[in-house]
Each structure stands twice: as C-alpha cells, then as structure tokens.
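# Architecture and fold: a report
Chain by chain, the residues run as shown.
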Amino acid sequence: MKTKITTAQEPAGLLSEFKGTVLGHQGGHGFVQRDDGGADVYLAMNEMRAVLHGDSVLVRIQRLDRKGRPEGHVLDILARPERPIIGRLLNEGGVWVVAPEDKRYGQDILIPKLTKAQADEWTGKVVVIALTEKPALFAQPIGKITEVLGAADDPGMEIEIAVRKFDVPHLFSEACLKAAKALPDKVLAKDKKGRVDLTDVPLVTIDGEDARDFDDAVYAEPAVIGKGKKPNGWRLLVAIADVSHYVETGAAIDIDAYERATSVYFPRRVIPMLPEKLSNGLCSLNPEVERLCMVCDMLITNEGELHAYQFYPAVMFSHARFTYNEVAAILTNTKGLEANKRNAQNPVLVPHLEHLHDVYRALLAARNVRGAVDFDTVETQIICDENGRIERIVPRKRNDAHRLIEECMLAANVCSADFIAQSHNPGLFRVHEGPTPEKKEILRNYLKAIGVMATLSAEPIPAEFQAIANATKERPDAAQIHTMLLRSMQQAIYTPINSGHFGLAFQAYTHFTSPIRRYPDLLVHRVIKATLNATTYQLPNLPTPTQAHTKLNQWMAKRKPLQGTSDKPSSNVGKKLSKQQLADQEAWQAAGLHCSACERRADEASRDVEQWLKCKYVKQHLGEELTGVVSTVTSFGLFVTLDQMFVEGLIHITELGGEYYRFDEARQELRGERTGIRYAAGTPVRVQVAGVDLDARKIDFKLLKDEQAGESKIKTLPNDNFEARPAREKIQGKAKAKGKGKASFVRASPVTTRPKSGKSRKK
C-alpha cells in the first residue's frame, strides 16, 4: 500500500490509496469495501464502467462529498474472480446481449456470435456466460454462453440461478462420486472393532416430518450422582453419526465437503455437503439399522448442571424415528392415542421420552439461571406446490419436542468445546461476541429515548439483555425493542480463538452435532477422536481465504475478546509458538474463515430464493388492500410485514403523505413535522400492493391515506440460532464403559455403568 498524501488544505485521507473489493449497486454506482477495514468508498457510475462487481481493485480517494463521505477513482484492477454471470439473453436493435440477473453487475454483456438456430432457441432464456473481454471506460464487456438453463418461469429456475449467482458448489466431482460408490451399503463387522456396543440401548431420533437425514439420536435414564442411593439426576446420551469414519482427511469426498462446508437448504430442495449415499444412507441414523456413531455421554443434575461427561466411538441401533409433533403429543398426554400406538410397538420408548422431557426441563432451568438470551420469535414456513411455487406461508410453531432436542444438542456441543479446550489441541470454536462499543452506545441511546429504565453496564453480560427483554415483553413496542437488542450483537463465526458464546452465556462452545451437513462439526469429531487416541489432529493443506472472506478477516483484526477469556487458541495459551505451531494456527484460522464465509454464502443463497418466491407469490395480489405492521424503519421509508402472508415490502417515504417526515435514529421512528404522526416498528398499517420487481427481489406497498400511526403489537424477531454453555471446573478421570471400547470421563464422579437397555432386539 502506498504512502498517504495530504496537504495543509486537504482533509486527512484525501488522495490516499488502498486495496479493496468492488460492491456493485443496482442503481449503477458502487462502493469499494476496503481490505484494511476502513469505511466503504463510493464509486460513481462512470467509475463503475470499467469494473465489475467482485473485482479486487486499487483505489485513490479523489474527493469528499458534502457529507464528508469519500469518493474514489479506480487506479488498477488487481484481480477479477472467474465466476459465471447469469442473465437473460435479449436482442436489442439487432445486437445480442445478456442482461445480468444480479443487478449488482451494472452493464449488459455483449454476445458477438450466435447462429440462427441458437438465437431462435435461446432468446429470452436464462443463460450462463463467461467473460472473454473485460469492460472498459468506453466499451461493454463481451462474453460467450457456456450453459442454457431454460425459461425464467421453469420450476426450480430460481434455485438454479441462486447456486450460480452465489457460486454455491452444486456438482460433486467424479472422484468424489466414485469414492462414495465404493463405500459399503451397511456397517461392516470390521468397522465395529474398538467401539462400545450400544445396539440394545433404545436410542431414538426426533426430527421434522420432512427430514431425510438423521445425524443425532438421544436417550436418557435416571442416574445416581455422587454417594447417594436415590436418583438425583439423569444420564443423557447424545449419539451423532460418525461421518469421520468414512470421510478421510484429504480424500476426494473430504475435498468436496470442504469446498461446500455446509448443506444449503432451499424450499423443496437441498444441496448436500456429502453425497447422498452418505447423507441419506450410511451416515444417516435411520431406524432399525446399525450405524457407527460418536457418543457424548453426560451426567446432568436435577438443577440442570453438567456433572460429568465422556466421549467414545460406538455402534448403535435406532429403535424408532419420532417426529416433533408426535413427541409433543405424547408428552402432553402419555395415555393418548399417539402414546398408545408407540406402546404397542415398543413399551420402553414412551417412558424414555418422559426421562428426556425431565432432562430438558432441568437444562431449561439452568439456562434461565445463567441468563442466556432467548427472545420471543415468530418463524415462518413456506409451503410449496408441486411446481415449487408458494401455496401459503404459515407460522412455524415450536413445541417442547423442538426445545428438548435443542437443549440436548447444546449440552453435547458444550462438552465438545470443553473437551477440546482442556486437551490443549487446536480446533474450531463457535464464537459469538457481544456488542461493539458503537452498537452499545446506539442501544443505550435508544433505550433511554423510549423510556426503558434498565441500562447496560460498561461490559454487559447476556443476562442484562434477557432482563431487558423480560421487562419489556408486555409493552406494545416489544418487537422493536427485541429487534434492537439483537441488532446490537455480532454474528457468530468459526475460529480457533475461544472467546465464548455471548448469546448462550457460555465460556466455550462449538458445533459437534451435525457432521452430515456442517464441515466444522466434522473437524470437531476428528479432533476429539485424535485426543482420545492421545494424538493431535493435523489439518491438510487447505486453500487460503479468497476475497469472499475479506469481511471476516476485518472482523478478526478488530475483534475484542470477552472478559475472562483468552485471545489465543486454547492449545497455545501462555506458550511461545514455534514455526510449526504458527503455521498450524494460521491453517485453523483459514479453515474457520472459510467455513464462516460458506455459511454466509448459503444463507444469502437461501434468502435470495425465498425472496424471489415471495415476490412471485405477492405478484398475484397486485392492487389488493391488505393489513400489516411496520417491521423496520429507515430514513427512506418503512418496511411492512403483511399479517396473513408474512411477506415484507417497502413503503417509500414519498408515499407517506404530503408533509416532511424526519427520521429519529435514537427512537428508530419516522415522525411527521406538521401532524406529529409517527411510524415505528410495530405500527399497524393498511397497504395496497403497488408493485413487484422479481429481478430486484423487491415488493412496493402504498400506504392507504386514512391510516393513522398506532402502537407496536407484534413480536417478530430473527432467531440467530443461539446455542448453549458448560460448567468450568473439571477434574480428569477415567472410566471404562461396558462393551468393546474405552472412554474417558471428564470431571469428578466418573460413570462406570452402562445405560440400562430396553428389551434386547432379536439378532
């Protein structure tokens, strides 16, 4: 980076040069996201003519606008990612062009050569192109068609577009498919060696009705903890599919899995991280078949505290596949129809579900004591027809069965993080940090402006956020308050640096429970296995982070660790690092950044498809009058969520009436200067669907003039998949589980008995 040039008359930063990534805007202008973490720099439309969205560039700050924001001039294009561009083939005045579907690409791409047959067949179709000539100041980019996807209205086309638009890997390599095909169809006798035999323990899976892969099974029984004679807690087993047994480090399947890093979920379609033979077959804990698993075996007290745990490889046999709704019905009435059906099949299952429910209630009580963040939310589910179009959008109801599984998984994840931390071996943690100083100040000002008396300390803890949520949950503007609390927090990432999980109030947390669909979980399994075998897991040579990871690199550079935690990987606390250790640390950081970036990519692709489907759905209701509530307030208008459809659209500020509206940032509201009418999150409104732009994924509403501002009535907040925490005092102990394998408990009071089995299954 070159030296900054300033003069006495020039503001600091003017004429300075820096590197960054171009972010296009559908309006034709753009921004440069700086690699050094500085504020984004504006690029005018004429500057954007020679660059494309995603380019890595060298930029000089030329001037500051009237608000003091920097405007840049592109000096050089340093790199241009080789990614396909998707768009529609059009004929404009005899010239063939492709109009990019992603409006961040501000220019059409010229297609110089097409045969008459191609032109007749492809016109209006969605195509994939590769650039052959770069754009210039006075010349459009030129490309060639590499793939024809089909008509824009073909079923599933929105998904085909999204996977290419966001560069989601969706085709397995030939080597990967060949390796998957060579795997056995069932567990072999040789695979069971050195494993604890849990086939007679009535482990069960509990998932949604539409689930196809099952990577976790659970079991609980009353247990005596300590020297007493009566049960004073529970033994909880969480068995997770042992993907690491079949996916070897650096093998073809592993390379493809690392590239994807996560499964991507769309309505009616999943792009899996692993080939189907693994994800839906050999690694899926299907009912009444043997499967290899890694087990987190825990002792939980009546108060919900983790007393002891151990990890060991095992072989299991799922005794039943339950759904959430079925389990909720059984727990509501253990003498009802659903319970009687299961009792007729296997009388031991319903009592074990009751034990799991008892464990859940204890864990929930402990969660409340430690003050983990848990806001009221309304999640929605898209119901599609056979063609993949939305039929309706309904609220997704969470019951005790959902929460039961969630708490069991959180407990296993906590044990995994603690096990890695105590082993002093490198691994990935799931880190979620609290608010930055800037966000804390914004939140404090907001709470003060709306009259919330509770305040945040200088270093707030999760319990303070939960206390504010509890104290305001009956207010009409509760949804707005909860939204602001959530927005003040940072996004969770994967990193070898353990900084705790703020939202769940855990000192250490990781992901262990979904290795079928998340690569970090697979890495955690490998680290745990290596530790059990008294070795250290060594990462293979992994690709270095690309431009897609720039934002996460900036976050890592600026982050501040939570109080009481270390800002070093757990394996190197207080040690001088050797060259090899430094290389290992950098490799784990790169792996964490890659997995975090792929997680963001999957989320963006899923949201893009859902928003397209919602736009298509709302387009049928153009001109209709509907009711809704304000979900977000901005300086340019109001985002409104419809009551019956659960779809969000924008009322532009120009549609609010014939007066000037001022945006109050502290109160997060728009207020009319003449009438005093205010619009804040939760304000009920009546709107008309004024327009839908499928390409831009935008829905526009018109406010009906007779509406007056009201108070907040809804509670709709995004759930950031907050997770859970452990106790910290640990004493190493060892125990041998009955069976063929050895296992090590961590903490005092080692468990030396096997879980009580149900009726032995017939061989």
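All values reported here derive from a predicted model rather than from experimental measurement. Counting restarts for each chain: residues are numbered from 1 in the order of the written sequence. Only residues with pLDDT of at least 70 get local features here, since the model is predicted, and only at 80 or more are side-chain atom pairs given and counted; chain-wide, interface and lining totals rely on the full set of residues. Side-chain measures were taken over the full set of non-hydrogen atoms in the model, leaving aside hydrogen atoms and water.

## Observations regarding the overall build of the chain
Put simply, DSSP H or I for four residues or longer makes a helix, DSSP E for two residues or longer makes a strand, and each gets a number counted from the N terminus. Looking only at helices and strands, the chain has 16 helices and 32 strands in total. Working definition: with a 1.4 Å probe on protein chains only, accessible area under 20% of the residue-type maximum means buried, over 50% means exposed, and in between means partly exposed. Burial statistics for the chain: of 763 residues in total, 53% are counted as buried. Restricting to contacts in the chain with at least 6 residues of sequence separation, those with at least 24 account for 68%. To measure how exposed things are, a 1.4 Å probe is used in the Shrake-Rupley method; for residues, cover is taken only from the protein chains shown. When the accessible area of the chain is evaluated, it comes to approximately 35,400 Å², of which 50% is carbon and sulfur surface. Note on contacts: a residue pair qualifies if any of its non-hydrogen atoms lie within 4.5 Å across the two residues.

## Thoughts on the sheet that holds strand β28 (residues 669–672)
The strands that make up a sheet are held in pairs by hydrogen bonds between backbone atoms, and each pair lies either parallel or antiparallel. Across the sheet, which stays open at both edges, the three strands sit in the order β27-β28-β29 with antiparallel pairing between neighbours. In the strand order of this sheet, the two ends are held by β27 (661–664) and β29 (678–680), each with one partner. Pairwise comparison of adjacent strand axes, ignoring direction, gives a mean angle of 20° for this sheet. Between any two strands, at least two bridges found by DSSP are needed for them to pair. Sheet topology places β27 next to β28; four bridges connect them, and they run antiparallel. Angles here are taken between N-to-C directions and fall from 0 to 180 degrees, while the axes themselves are lines fitted to C-alpha atoms, restricted in helices to the stretch in contact.

## Some thoughts on the packing of aromatic side chains
Working definition: a ring pair exists when centres of Phe, Tyr or Trp rings (six-membered ring for Trp) sit within 6.5 Å. Plane angles under 30 degrees give stacked, over 60 give edge-to-face, the rest tilted. Scanning the entire structure with this criterion turns up 10 aromatic pairs. With a centroid separation of 5.4 Å and 75° between ring planes, the pair formed by Phe-311 and Phe-512 is classed as edge-to-face. Remark: Phe-512 occurs in the loop between β23 (493–495) and α14 (519–532) and Phe-311 occurs in strand β18 (residues 306–317); sequence separation between them is 201 residues. A relative accessible area of 0% places Phe-311 in the buried class.

## Comments concerning the packing of helix α7 (residues 324–332) against helix α8 (residues 337–345)
Between α7 and α8, the shortest axis-to-axis distance is 7 Å and the interhelical angle comes to 100°. By the angle between their axes, α7 is roughly perpendicular relative to α8. Packed against α7, whose contacting residues are Glu-326, Ala-329 and Ile-330, the element α8 presents Glu-338, Ala-339 and Arg-342 at the interface. Each angle receives one of four descriptions, namely roughly parallel if under 35 degrees, roughly antiparallel if over 145, roughly perpendicular if within 65 to 115, and oblique otherwise.

## Describing the side chain of Asn-498
As for its placement among the helices and strands, Asn-498 is situated in the loop between β23 and α14. A relative accessible area of 12% means that Asn-498 is categorised as buried. In protein, a polar contact means a hydrogen-donor-capable atom and an acceptor-capable atom, both N or O and within 3.5 Å, with residues adjacent in sequence counting only if both atoms are side-chain atoms; elsewhere, any N or O pair within 3.5 Å suffices. Reaching out from Asn-498, the side chain makes a polar contact with the backbone nitrogen of Gly-500 at a distance of 3.1 Å. From its side chain, Asn-498 meets the backbone oxygen of Gln-507 in a polar contact 3.4 Å long.

## Topic: the side chain of Thr-641
Positionally, Thr-641 belongs in strand β25 (residues 637–642). Judged by its relative accessible area of 17%, Thr-641 falls in the buried class. Separated by 3.4 Å, the side chains of Thr-641 and Ser-631 make a polar contact. If near-sequence neighbours (up to four positions away) are discounted, Thr-641 is found in contact with Gly-628, Val-629, Ser-631, Phe-646, Val-647 and Glu-648.

## Overview of the environment of His-511
Examined against the element boundaries, His-511 turns out to sit in the loop between β23 and α14. A relative accessible area of 5% places His-511 in the buried class. Between the C-alpha atom of His-511 and that of Val-524, which follows or precedes it by 13 residues, the distance is 7.2 Å. Within the structure, the side chain of His-511 is placed 2.7 Å from the side chain of Tyr-494, a separation counted as a polar contact.

## Describing the packing of α7 against helix α10 (residues 400–423)
Pairs of packed helices are described in terms of their axes, by the angle between the two and the distance that separates them. Running from N to C, α7 and α10 cross one another at 105°; their axes reach a closest spacing of 7 Å. Between α7 and α10, the angle falls in the class roughly perpendicular. Taking contact as the criterion, the partners of Tyr-324, Val-327, Ala-328 and Leu-331 in α7 are, on α10, Ala-401, His-402, Leu-404 and Ile-405. Classifying every residue of the contact of α7 with α10 gives seven nonpolar, one polar and no charged. In this classification, the charged set is Asp, Glu, Lys and Arg, the nonpolar set is Ala, Val, Leu, Ile, Met, Phe, Trp, Tyr, Cys and Pro, and all remaining amino acids, among them Gly, are polar.

## Let's talk about helix α3 (residues 157–165)
One turn of an α-helix holds 3.6 residues; hence residues three or four places apart share an orientation. In terms of residue burial, α3 counts as a mostly covered element, since eight of its nine residues are buried. Turning to α3, its buried residues are Met-157, Glu-158, Ile-159, Ile-161, Ala-162, Val-163, Arg-164 and Lys-165. Where α3 is buried, its residues contact β6 (85–92), β9 (126–133), β10 (142–150), β15 (264–266), β16 (269–271) and α16 (579–619). Looking one or two residues beyond α3, the residue adopting positive phi is Asp-167, at roughly 55°.

## Structural notes on the pairing of β25
The buried fraction of β25 is high, at five of six residues. Summarising the sheet, strand β24 (residues 625–634) and β25 pair through six bridges and their orientation is antiparallel. Looking at β25, one finds that Val-629 is bridged to Thr-641. Bridge analysis of β25 against strand β26 (residues 648–652) gives five bridges, and the strand direction is antiparallel. Considered in β26, the bridge of Val-640 is made with Gly-649. In this antiparallel pair of consecutive strands, β25 and β26, the connection spans five residues, and Phe-646 shows a positive phi of 60°.

## Comments concerning the environment of Asp-216
On the secondary structure map, Asp-216 appears in strand β13 (residues 216–223). Judged by its relative accessible area of 8%, Asp-216 is buried. Residues Asp-216 and Val-295 lie 79 residues apart in sequence; the distance between their C-alpha atoms is 9.6 Å. With residues up to four places along the chain from it excluded, the contact list for Asp-216 reads Val-204, Thr-205, Ala-239, Ile-240, Leu-285, Ile-405, Met-409 and Thr-513.

## Description of unusual backbone geometry
Trans peptide bonds make up most of the peptide bonds, and negative phi angles are found at most residues other than glycine. Phi is positive for Ala-261, close to 70°, though the residue is something other than glycine. Along the chain, the position of Ala-261 falls in the loop between α5 (252–260) and β15. For Ala-261, a relative accessible area of 3% translates into the label buried.

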